[in-house]
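What follows is the residue order along each chain.
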Amino acid sequence: MKKLSILPQLVVSASLAFAGFAVQADEVKGNAAAGNPKVWLCVGCHSIPDYRADYPLVYKVPMLGGQNAAYLASALAAYKKGERKHPTMRAIAGSLSDQDMADLGEYYAAQTASSPNNPLK
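Now for a look at the structure at hand. Being a predicted model, the structure only gives us computed values, none of them experimental.

### Quick look at the overall build of the protein chain
Within the protein chain, the regular secondary structure consists of six helices and two strands. Going residue by residue from the N terminus, the α and β elements of the protein chain occur as α-α-α-β-β-α-α-α. Counting over 121 residues, the protein chain shows a buried share of 26%. Within the protein chain, contacts between residues at least 6 apart in sequence are counted, and of these 57% link residues at least 24 apart. Accessible surface for the protein chain amounts to roughly 8300 Å². Of this, 62% is attributable to carbon and sulfur atoms.

Structure representation (C-alpha cells):
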C-alpha cells in the first residue's frame, strides 16, 4: 500500500522537472530599444576606434556595431561563465542577466556604419 502513496509524489516531481525544462527551453528575445540604456557598460572601451586594453595583457578591443546579436549574447554568456578569459569583461558580464545580454546583442546588431548620429556603436 505504501507503493501507491509514493506514486502521486513521483508524478508531481516529474511534472515539476519537465516544467523546469520547458522554462529553460524558452529562448530570451532581445530588444534593441531596451539595450540602449544598458550600453553605458560597453562604451568606455568598445566605442573607441582602434582601442587596446592593456590589463592583464594587451587586447585589441573590437567595435561592436553590426555584429550578430546571438554571437554577442553568446560571447557575454561565455565571459560570465569564465569560458572566455578577460577579467574586466567577466566582471561586466557577471552583472548582466540573460535578458540584458540579449538586449545588448540586439542593440549592437542594429548599429551599422549608416546608423545616424550614434556615438555608442
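### Describing the packing of helix H4 (residues 69–81) against helix H5 (residues 87–94)
Contact geometry of H4 with H5 gives a least axis separation of 7 Å together with a crossing angle of 100°. Taken together, the axes of H4 and H5 are roughly perpendicular relative to one another. Touching Leu76, Tyr79, Lys80 and Lys81 of H4 are Met89, Arg90, Ala93 and Gly94, all from H5. The residue inventory of the contact of H4 with H5, partitioned by class, reads four nonpolar, one polar and three charged.

### Considerations on the nonpolar core
Counting 14 residues, the largest nonpolar core has Val39, Leu76, Leu96, Met101, Leu104 and Tyr108 as its most contacted members. Sorting the residues of this core by element identifies H4, H5 and helix H6 (98–109) as the ones contributing at least two each. Those residues in contact with Met101 that sit more than four places away from it in its chain are Ala73, Leu76, Ala77, Lys80, Ala93 and Leu96.

Here is what the cut-offs are and how they apply
Residues numbered from 1 in each chain as written. Predicted model: local features only at pLDDT ≥ 70, side-chain atom pairs only at ≥ 80, totals over all residues. Heavy atoms only, no water. Helix = DSSP H or I, 4+ residues; strand = E, 2+ residues; numbered from the N terminus. Buried < 20%, exposed > 50% of the residue type's maximum accessible area, 1.4 Å probe, protein only. Contact = heavy atoms within 4.5 Å. Areas by Shrake-Rupley, 256 points an atom, 1.4 Å probe, with all protein chains shown as cover. Axes fitted to C-alpha atoms, helices over the stretch in contact; angles between N-to-C directions. Parallel < 35°, antiparallel > 145°, perpendicular 65-115°, else oblique. Nonpolar A, V, L, I, M, F, W, Y, C, P; charged D, E, K, R; others polar. Core = buried A, V, L, I, M, F, W, Y, C linked by side-chain atoms within 4.5 Å.

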